[in-house]
Amino acid sequence: MFTRLSYKDFFRSSQQLLAIEPRLPQENYPEHTHDFNELVLVTKGSGRHILNGYPHELHQGMVLYINADDHHLYENVDNLHLTNILLKPKNDFKFIHNVDAILQDLAPNQSQYKMVKQQVLSNINQQIALLQQDPLNALQQESSFLQILNLVQQNQYCVNVNQDSRGGRDENLYQLLRYLSFNFKQEINWQQLSQDFQLPLRSLQRMVKEKLGITPQQYVNKLRLSYAYYQLKFSEKAIIDIALESGYSDSSYFASCFKHEFGFCPRELR
C-alpha cells in the first residue's frame, strides 16, 4: 500500500482554493498517492521521478501535472527544488472554468515532459509569490493561477526540428531536449542535430552539461533506460527485445548499463 497524503494537512480550510507547497530541497520520498492534484514546477537541481511505474530524470524547467489517482516517488535527488501547487480534484473556482484540459495537457506521457526556460520560471515564481500572500481574495488567487497556466501553455517547448525561424541558443537547447524526449530510441547523429538546432557541436555539448549536469549522450541513455525499466516492469516482452527496442544492440551492454543506473539487473525487475 502507498502512503496517501490528505489535502487536510496542507489546506488551512475547506474554502481554500489551492495551496503552495515548496520543497527546497525535495528529499528522496517513497511512493505515495494523495487526494488532491498537484502542478509541479522543477526550479532547480535534478532527480528521478517515477510516476505510475515509469521513471524519468527531472531537471530545471520541467512542468508536470499529477492527478490524485496517480502514484509516484522521488529518488536519486541532487539539490532538487520543487514548487507544488496543490488543487482539490473538484475545485470551487468562481471566476475561471474548464481549466482541466490545460492541466491534463501537462500530465507527463512517459518520457515526454513539458519544459519552460529560466525566464518563464522567473515569471511564474512572481505569480506564485502573489498566491502566497495572505489574505488574497478569490479573484486574485484565480487570476494568478490562470496567469501561471497561461505562461506554461504559451511557452512550453515542443518538437519542431524543421522550424525556419529560431530564437536564441537557449531556446534551441530546449527544443533539442524536447526532440530527444521523443526520439531517444533511434540512433542519434549529434553532428546532424547540431545543424538542425543551429547549435555548434561543442556548444551543444557544453550547454547540455551546464543545464542537466550530464553529457547529451548520458541524457539519451537515461531516457532509454527509463523506457526499458517500464517495459520490463509492465510488459511480457523478452529482455533482449526490450534492449533492442530501447536503442541497445548488445543485450550484455544493456544489462550492464541498466544495473549501473538502477542498482539491479534487468531480470531482477521481473
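Rules and cut-offs
- Residues numbered from 1 in each chain as written.
- Predicted model: local features only at pLDDT ≥ 70, side-chain atom pairs only at ≥ 80, totals over all residues.
- Heavy atoms only, no water.
- Helix = DSSP H or I, 4+ residues; strand = E, 2+ residues; numbered from the N terminus.
- Rg over C-alpha atoms; globule rule 2.2 N^0.38 Å.
- Buried < 20%, exposed > 50% of the residue type's maximum accessible area, 1.4 Å probe, protein only.
- Contact = heavy atoms within 4.5 Å.
- Polar contact = N/O pair within 3.5 Å; in protein donor to acceptor, adjacent residues only side chain to side chain.
- Phe/Tyr/Trp six-rings, centres within 6.5 Å; stacked < 30°, edge-to-face > 60°.
- pLDDT = per-residue confidence, 0-100.
- Disulfide = S-S within 2.5 Å.
- Pairing = 2+ DSSP bridges.

(A) Looking closely at the overall build of the chain. When helices and strands are counted, the chain shows 9 helices and 8 strands. Its C-alpha atoms give the chain a radius of gyration of 20 Å, within 12% of the compact-globule value 18 Å for 270 residues. For the chain, the spread of C-alpha atoms along the three principal axes comes to 60 × 50 × 30 Å. Considering the chain as a whole, with its 270 residues, one finds that 51% of them fall into the buried category. Sequence separation of at least 24 residues holds for 72% of the intrachain contacts in the chain that already meet a minimum separation of 6.

(B) Here's a closer look at the side chain of His34. Summarising the element assignment, His34 is placed in strand 3 (residues 29-34). For His34, the side chain forms a polar contact with the main-chain oxygen of Phe36, separated by 2.9 Å. Looking at His34, its side chain comes within polar contact range of the side chain of Glu38, at 3.1 Å. Discounting chain neighbours no more than four positions away, the residues touching His34 are Arg4, Leu5, Ile66, Asn67, Ala68 and His72.

(C) Spatial organisation of the packing of aromatic side chains. According to the stated counting rule, one finds 15 aromatic pairs in the structure shown. Through a chain of ring-to-ring contacts, three or more aromatic side chains come together here, namely Tyr229, Tyr248, Tyr253, Phe254, Phe258, Phe262 and Phe264.

(D) Focus on the environment of His34. His34 sits in the buried class, given a relative accessible area of 1%. Linking His34 and Leu5, residues 29 residues apart in sequence, is a C-alpha distance of 4.3 Å.

(E) Layout of the confidence of the model for the chain. Summary statistics for the chain give a mean pLDDT of 90 and a share of 96% for residues scoring 70 or more. Within the chain, strand 8 (residues 114-115) has the poorest average pLDDT of any element, 88, and helix 8 (residues 239-245) the best, 97.

(F) Geometry of the state of the cysteines. Across all of its chains, the model carries 0 disulfides by this definition. Here Cys257 is not disulfide-linked; the sulfur of Cys265 is the nearest cysteine sulfur, at 12 Å. A residue is classified by how much of its surface remains accessible, and Cys265, at 29% relative accessible area, is partly exposed.

(G) Representation of the pairing of strand 4 (residues 37-51) in the model. Counting buried residues in strand 4 gives 13 out of 15 residues, a clear majority hidden from the surface. Summarising the sheet, strand 4 and strand 7 (residues 72-87) pair through 12 bridges and their orientation is antiparallel. Paired with Lys44 across the two strands is His81, which belongs to strand 7. For strand 4 and strand 5 (residues 54-59), the ladder comprises 6 bridges, and the chain directions are antiparallel.

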